[in-house]
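Report on the structure
The residues making up each chain are set out below.
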Amino acid sequence: MKKMLRSSRIVTPQGIFSGGMIVSHGKIESLIDEFDEQGMSNFIGEAVDFGDHFVLPGVIDGHVHVNQPGRTDWEGMETASRAAAASGITMLVDMPLNSSPVTISKETLDKKIDSVTGQCWVDVGFHGGVVGLENGAANSKSTPEAVHALIEAGVLGIKVFQCDSGLAEFPAVTRTELEWLMPILAEYKLPLWSHAELIPADWKSPDRIDDYSEWPEARSKDFERRAIDQLIELCDRYHCPVHIVHLANAEALNAIRRAKRQGLPLTVETCPHYLYFAAESIPPHDPRFKCCPPIRDLQNRHRLWEALEMQEIDTIGSDHSPCPPAMKYLDEGNFSKAWGGIASLQLLLPIMWDTAQRYQLPISRLVECMSSSPAKLLGVDHERGSITPGKRADFVVFDPDATWTVRGEDLQHRHKVTPYEGIEIQGQVVQTYLRGEKIFDRGSFLGRPSGAIIRRSIR
């Protein structure tokens, strides 16, 4: 049966539309203007009026660490995808780590897909990975043949670390790996997703950091700048699409701006924690806030928001990177030992809306960064990423005025530790729809997991 979802604020690529969205067979069939009395009266089917709630295209989060198989005690697809649905996310893309085995071959990709099948509340795609030499081994575990096989199997991107990932199974690449990898990706027009920190060989992480103010100093801004400079140089040489993930250092925007003006296929992501927090306000002994690169000062945050407004930053991803609470060393307050990652999948849309209002960023720009631009980057914009007739009926109903307080115990993430604990947020997900079917409604999940595995077509 057809459905009509009515709202005075349906956010489309052409602007905010007041009227009805007709959904049929899992797709958006048409939009009917509120003043089209004949169109409204002739509709036959289920009709729901959301008043002045936003109706937004489903959020697409291209940067999620689900950790399955092998480390499902850290997270897992069932809990991660429930958290995604509760945040209005209708598609997430899983990173090749921190699962075990890591996803660096078709065989390990197949194992990952087998392990999550039937557990996905939202649609799920996967990135493949490339790693460098491990402990000085004679041969890299990643090969051109393995990369070709991953691409043929439908991965949505290839992820690398230019620094220590924190996992022995996923060692950093060097320039050597990048120079054989990037021509392959250029051939397929598939983006390289890079953790951009390039750390000098003689750098040693301090044995103990107890005060957050010491962490950004230890993890220098220069690490990020050097890595981004290398990526820009190689992007120019090979014309390989490059996506810089979780940009934290706003000073790197000057080089990024020049590269984009030259027409290089370079895109940039930042994350909610860099846009919400500032180093000056982080408690001194609280490793919940540890991430890499570090959260920097307030002025840096202001510059990141300016870059979002100026379209110099393309996407916003959660970089949901959970771990068991013990790995955060909360009792010790030791930033050196604590796992570097923030769990925020369920908070992505509400946190971004709440903060965007302070910076007067319009909802249309937020939708670009969280839906349409990720869809284009991931190669799925032909069927999702905007409320457009003919595209899939993946959307979220969002109350922009509701206020609520974050309580870790209420989140769907497997573990409840969050730096957002106790924060009051304005903006709340009311309902989430996948292919026109309601999967989340005011805190409740409907039916069974119905998410599909998404593969990128290379034909």
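On to the packing of helix H7 (residues 221-238) against helix H8 (residues 253-261), then. Interhelical geometry of H7 versus H8 gives an angle of 10 degrees and a closest axis separation of 10 Å. In this view, H7 runs roughly parallel relative to H8, as classed from their interaxial angle. When H7 is examined against H8, the residues Ile228, Asp229 and Ile232 are found in contact with a partner set consisting of Ala255, Ile256 and Ala259. Of the residues in the contact of H7 with H8, the class split is five nonpolar, no polar and one charged.

Another aspect to go through is the sheet that holds strand E7 (residues 89-94). Pairing is parallel in the open sheet, where three strands are placed in the order E6-E7-E8. Among the strands making up the open sheet, the edge pair consists of strand E6 (59-64) and strand E8 (123-126). Pairwise comparison of adjacent strand axes, ignoring direction, gives a mean angle of 20 degrees for this sheet. Note: E7 against E8, four bridges, orientation parallel.

With that settled, consider the sheet that holds strand E12 (residues 242-245). Pairing is parallel in the open sheet, where six strands are placed in the order E9-E10-E11-E12-E13-E14. Strands at the two margins of the open sheet, each flanked by one partner only, are strand E9 (128-129) and strand E14 (315-316). Where E9 meets strand E10 (residues 158-161), two bridges bridge the pair, whose relative direction is parallel. In the strand pairing of E10, glycine 129 is matched with lysine 159. Along the sheet, H8 makes contact with E12 and strand E13 (266-270), crossing E13 at roughly 145 degrees.

A few words now on helix H4 (residues 144-152). Listed in full, the buried residues belonging to H4 are Ala146, Val147, Leu150 and Ile151. The arc that holds every buried residue of H4, seen down its axis, measures 135 degrees, which confines them to one face. On the buried face of H4, the contacting elements are helix H3 (106-116), E9, E10 and helix H5 (175-188). The positive-phi residue at the C-terminal boundary of H4 is glycine 154, with phi of around 100 degrees.

This next bit is on the packing of H5 against H7. Where H5 contacts H7, the two axes come as close as 10 Å, and the packing angle between them is 45 degrees. The orientation of H5 relative to H7 falls into the category oblique. Here H5 runs over H7; the crossing is right-handed. Judged by residue contacts, Arg175, Leu178, Glu179, Met182, Pro183 and Ala186 of H5 engage Gln230, Leu231, Glu233, Leu234, Cys235, Arg237 and Tyr238 from H7. A class-by-class count of the residues in the contact of H5 with H7 yields eight nonpolar, one polar and four charged.

Moving on: the pairing of strand E3 (residues 27-33). Sheet topology note: the strand E2 (residues 15-24)/E3 ladder contains six bridges and is antiparallel. Looking across to E3, one finds that methionine 21 is bridged to leucine 31.

Let's shift gears to the state of the cysteines. Per the counting criterion, the structure on display carries zero disulfides. This cysteine, cysteine 240, is not joined by any disulfide, and cysteine 235 carries the nearest cysteine sulfur, 6.7 Å off. On the accessibility criterion, cysteine 240 (0% relative accessible area) is buried. No disulfide involves cysteine 323; its sulfur sits 12 Å from that of cysteine 292, the nearest cysteine.

What counts, and at which threshold
Residues numbered from 1 in each chain as written. Predicted model: local features only at pLDDT ≥ 70, side-chain atom pairs only at ≥ 80, totals over all residues. Heavy atoms only, no water. Axes fitted to C-alpha atoms, helices over the stretch in contact; angles between N-to-C directions. Helix = DSSP H or I, 4+ residues; strand = E, 2+ residues; numbered from the N terminus. Parallel < 35°, antiparallel > 145°, perpendicular 65-115°, else oblique. Contact = heavy atoms within 4.5 Å. Nonpolar A, V, L, I, M, F, W, Y, C, P; charged D, E, K, R; others polar. Pairing = 2+ DSSP bridges. Buried < 20%, exposed > 50% of the residue type's maximum accessible area, 1.4 Å probe, protein only. Arc of directions from axis to C-beta. Left-handed = near helix turned anticlockwise from the far one by under 90°. Disulfide = S-S within 2.5 Å.

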